[in-house]
Amino acid sequence: QEKKIFMVQGPYPTIRRLLQARGWVERKLPSMGRQMEQNRDPLHYSWPPAEEKEEEEEEQCDEDPSGIHDLMSYLVQDRRPNFIWTSFLEATDRQLLQQDQVVNHFPRVDAFTTKEGLCLSLQNLPWIQQADPNTFFPRCYRLGTMDDRAAFIEDFCLTAARSLLKLALEEAGDRLMGTKQVPNFAKGASESHASHPTHSTARPCSPLYPELVEDALEVCKQHLGILRHDDIDRNTPSPCRTCIDWDRFLQDYYRVAHEGAGLVLTRQQRKQCQDLLQHLGEQLPQLGMEGKLNVWILKPGAKSQGRGITCTTRLEEVLRLARSCTAPTVQVGRWVVQKYVERLLTIFGTKFDIRQWFVVTDWKPLTVWFYRDCYLRFCSRPFSLCHLERARHLCNVSVQKWYKTSPEQDPRVPPDRIWSNKQFQEYLAQLGQADAWHQVLVPGMKAAILNTLRSAQNQVGIRKSSFELYGADFLVGEDCQPWLLEINSCPTMSPSSAVTRRLCTNVQRDTLRLVLDRKNNPTCSIGAFELIYKE
């Protein structure tokens, strides 16, 4: 009569315990031995799902020694649950759900919770909102579509040309060289953030002469003209369709960027490089973060937990995967390729990312709640773009748990590779960036989340009795600007550390306060949630 029957699918002991404390009774899922009954059950589920969103490993403890909860569950086994918390929406038959049944998922959220969907939705953002996705989302392309693949190839080539100009200026340093002056090509130490390779397979005494820089300058000049719309009255071809031999140019660029070959730069070219990069920086929001090694990251379009993700610096390697992912026999293995954030902030020389929670309680009108607490996830090896293995570049707990901490890792990196946002704020204060969290990072994450939701709003299924807790992953640039990587529709609640044990418990508690308690008491505490947008 009080409509306090709930059902939980998946290992969510915190949700179960909190609901029972509120006087709710659990309708337990049917056992695997009752397959015939499951097939007639509107809440029929399959476990495990074909594509689990997150691994969940929780220690189950006996919190019902008297068996009273089991008894009450038995009494409501044929009753319809009023509240359903499930790992994925497909665990329920949506057509048989009643309007008043509260479910923790919305339909069709793959428009922004898969890598392919997020890429497509944010490509369409400028048509929906006066916002530029390039200011918060690294450039991304779907390799399964011809237009996107062609756009990626052009982007890769243009990025290589810009990167060559940066490398040329770095090679020159503060020296003004004549046309035929050959510098010392021995490579120095890498930058503090280890973004420049120190190994060399090319002969240092075999420099590449000014014609290579001249080609890069010409390409970048043409691209700048297009960005400034100087070609609006002319039929100007794409910079990548010029007379430059791109195969040769890229091979020479690889030698400079990755094999230690040197460059000769004239005085005139140096000034042109400086001016051109300055003007390009005014047009390209990602010029600073993209670095100079042209690293890209390949991701399967609909997988999670870092599965199948690789980093690469070679166009031919990306295209080889693109050919395989467009084969007729491949249905799910669609790939996206995204620009790697090379100029990122590290902590003790180690890469990290931020897991930030938020809740949507309605899509029409769009209503978004931001959680003020979050946590950082560290890699197990020091950051370096000389080495592109997963242990250095993928912060996912499900990836890093397979690696032991490297002996070369700074001992100040926490052993469990997790920090709270409070610890991060203390670290920023030590760097002299005490205001960066509240003035740059949090506003940037909120804006990225809202723009992403607006870009997908017309594609998500509207259901008034649904809500959803999401986990957004961000990288942090050297300038403390957040860069959105992905949004997870089923963020893990598995406690991999003392920090996540506390925070995951808190966010589940506050989510129930928000979607249940607040209905009867609008002034009740909602913990660390804050309303950041209501349409």
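See above for the structure.
This structure is a prediction, so every number in the text was calculated from the model and none was measured.

In this section: the overall build of the protein. Assigned secondary structure in the protein consists of 16 helices and 14 strands. Taking all 535 residues of the protein together, the buried fraction comes to 56%. The long-range share in the protein, meaning contacts at least 24 apart out of those at least 6 apart in sequence, stands at 73%. Carbon and sulfur atoms make up 50% of the accessible area of the protein, which amounts to about 24700 Å² in all.

Right, let's talk about the sheet that holds strand β7 (residues 310-312) for a bit. Strands sit in the order β5-β8-β6-β7 across an open sheet of 4 strands; the sheet is antiparallel. Edge positions in the open sheet fall to β5 (140-142) and β7, since each of these has one partner strand only. Between one strand axis and the next, the sheet turns through 25° on average, direction left out of account. As defined by bridge partners, strand β6 (residues 296-300) adjoins β7 across 3 bridges and the pair is classed as antiparallel. Counted as the bridge partner of I297 is C311 from β7. Contacting β5, β6 and β8 (335-339), helix α5 (residues 115-123) runs over the sheet at an angle of about 115° to β5.

On to the packing of aromatic side chains, then. On inspection of all chains with the given rule, the structure shows 25 aromatic pairs. With centroids separated by 6.2 Å and ring planes inclined at 45°, the aromatic side chains of F352 and F378 adopt a geometry described as tilted. Pair noted here: F352 is in strand β9 (residues 352-363) and F378 is in strand β10 (residues 366-378), with a separation of 26 residues, a long-range link. A single burial state applies to F352 and to F378, both of which are buried. Aromatic rings pair up to connect F348, F352, F378, W419, F424, Y427 and W437 into one cluster. Just above the ring of F370 sits the side chain of K446; from NZ or CZ to the centre is 5.4 Å.

All right, on to a nonpolar patch on the surface then. On the surface, I68, L71, Y74 and L75 cluster together into a nonpolar patch covering about 440 Å² of accessible area. One can find Y74 in helix α3 (residues 68-75).

Read from one edge to the other, the open sheet built from 4 strands follows the order β2-β1-β3-β4, with strand pairing classed as parallel. Bordering the open sheet on either side are β2 (25-26) and β4 (102-103), each of which pairs with just one other strand. Pairing between strand β3 (residues 83-85) and β4: 2 bridges, direction parallel. Residue pairing across strands places F83 opposite V102, the latter belonging to β4. Set on the sheet, helix α1 (residues 13-21) makes contact with β1 (5-8), β2 and β3; between it and β1 the angle comes to about 170°.

Of all hydrophobic cores here, the largest spans 60 residues; its most connected members are F152, L165 and F249. At the level of secondary structure, the elements contributing two or more residues to this core comprise α7 (146-172), α8 (210-227), α9 (246-258), α10 (267-283), β6, α11 (315-325), β8 and β13 (482-488). Examining the composition of this core, we find that 11 residues originate from one element, α7, more than from any other. Among the domains, domain 2 (111-137 + 343-534) and domain 3 (139-173 + 206-340) are the pair contributing at least three residues each to this core. If near-sequence neighbours (up to four positions away) are discounted, F152 is found in contact with Y141, L143, W296, L315, V318 and V337. Counting 51 residues, the second-largest nonpolar core is a separate cluster that includes I347, F358, L450 and L484.

Right, let's get into the environment of A257. Its place among the elements puts A257 in helix α9. In this structure the C-alpha to C-alpha distance between A257 and L164, which are 93 residues apart in sequence, comes to 7.7 Å.

The next thing to look at is α1. For α1, the set of buried residues is T14, I15, L18, L19 and Q20. For α1, the elements touching its buried residues are β1, β2, α3, β3 and α16 (498-520). Just downstream of α1, G23 is the residue with a positive phi angle, here 90°.

Our focus in this paragraph is the packing of α8 against α10. Packed helices, taken two at a time, are described by the angle between their axes plus the distance between the axes. Two elements in contact, α8 and α10, have axes separated by 10 Å at closest approach and are oriented at 30°. Relative to α10, α8 is oriented roughly parallel. Our pair here, α8 against α10, has a crossing hand that is left-handed. On the side of α8, the interface is formed by P210, V213, E214, L217, C220, K221, H223, L224 and L227, while α10 contributes Q269, Q272, C273, L276, H279, L280 and Q283. Its residues assigned to classes, the contact of α8 with α10 shows 9 nonpolar, 5 polar and 2 charged.

Our focus in this paragraph is α10. Compared with an ideal rise of 1.5 Å per residue, which puts 17 residues at 24 Å, α10 spans 25 Å between its outermost C-alpha atoms and is within 8% of the ideal. The set of residues buried in α10 consists of Q269, R270, C273, L276, L277 and L280. Down the axis of α10, the buried set is contained in an arc of 135°. They therefore lie on one face. Of the residues in α10, the exposed ones pointing more than 90 degrees away from the buried face are R267, Q268 and E282.

What follows deals with the environment of R513. Relative to the elements of secondary structure, R513 occurs in helix α16. Residue class for R513 comes out partly exposed when judged on its relative accessible area of 22%. In the structure, R513 is positioned 11 residues away from C524 in sequence and 7.7 Å away in space, judged by C-alpha atoms. Aside from chain neighbours lying at most four places away, what touches R513 is R22, R518, C524, S525, I526 and G527. Only 3.4 Å separates the side chain of R513 from the side chain of S525, close enough to count as a polar contact.

As a further point, take the pairing of β9. Counting buried positions along β9 gives 11 out of 12 residues, so the element sits mostly inside the fold. Where β9 lies against β10, 10 bridges are found, and the strand directions are antiparallel. Bridging from a neighbouring strand, D353 pairs with R377 of β10. Hairpin remark: β9 followed by β10, antiparallel, with 2 residues in the connecting loop.

Turning our eyes to something else, we now look at the pairing of β8. Counting buried positions along β8 yields 5 of 5 residues, so the element is predominantly enclosed. Note that β5 and β8 share 3 bridges and pair antiparallel. Looking at β8, one finds that R142 is bridged to V336.

Cut-offs and rules
Residues numbered from 1 in each chain as written. Predicted model: local features only at pLDDT ≥ 70, side-chain atom pairs only at ≥ 80, totals over all residues. Heavy atoms only, no water. Helix = DSSP H or I, 4+ residues; strand = E, 2+ residues; numbered from the N terminus. Buried < 20%, exposed > 50% of the residue type's maximum accessible area, 1.4 Å probe, protein only. Contact = heavy atoms within 4.5 Å. Areas by Shrake-Rupley, 256 points an atom, 1.4 Å probe, with all protein chains shown as cover. Pairing = 2+ DSSP bridges. Axes fitted to C-alpha atoms, helices over the stretch in contact; angles between N-to-C directions. Phe/Tyr/Trp six-rings, centres within 6.5 Å; stacked < 30°, edge-to-face > 60°. Lys NZ or Arg CZ within 6 Å of the ring centre and 35° of its normal. Patch = residues over 30% accessible without salt bridge, like charges linked within 9 Å, V, L, I, M, F, W, Y side chains within 5 Å. Salt bridge = Lys/Arg side-chain N within 4 Å of Asp/Glu carboxyl O. Core = buried A, V, L, I, M, F, W, Y, C linked by side-chain atoms within 4.5 Å. Domains from an automatic or database assignment. Parallel < 35°, antiparallel > 145°, perpendicular 65-115°, else oblique. Left-handed = near helix turned anticlockwise from the far one by under 90°. Nonpolar A, V, L, I, M, F, W, Y, C, P; charged D, E, K, R; others polar. Expected span 1.5 Å × (residues − 1). Arc of directions from axis to C-beta. Polar contact = N/O pair within 3.5 Å; in protein donor to acceptor, adjacent residues only side chain to side chain.

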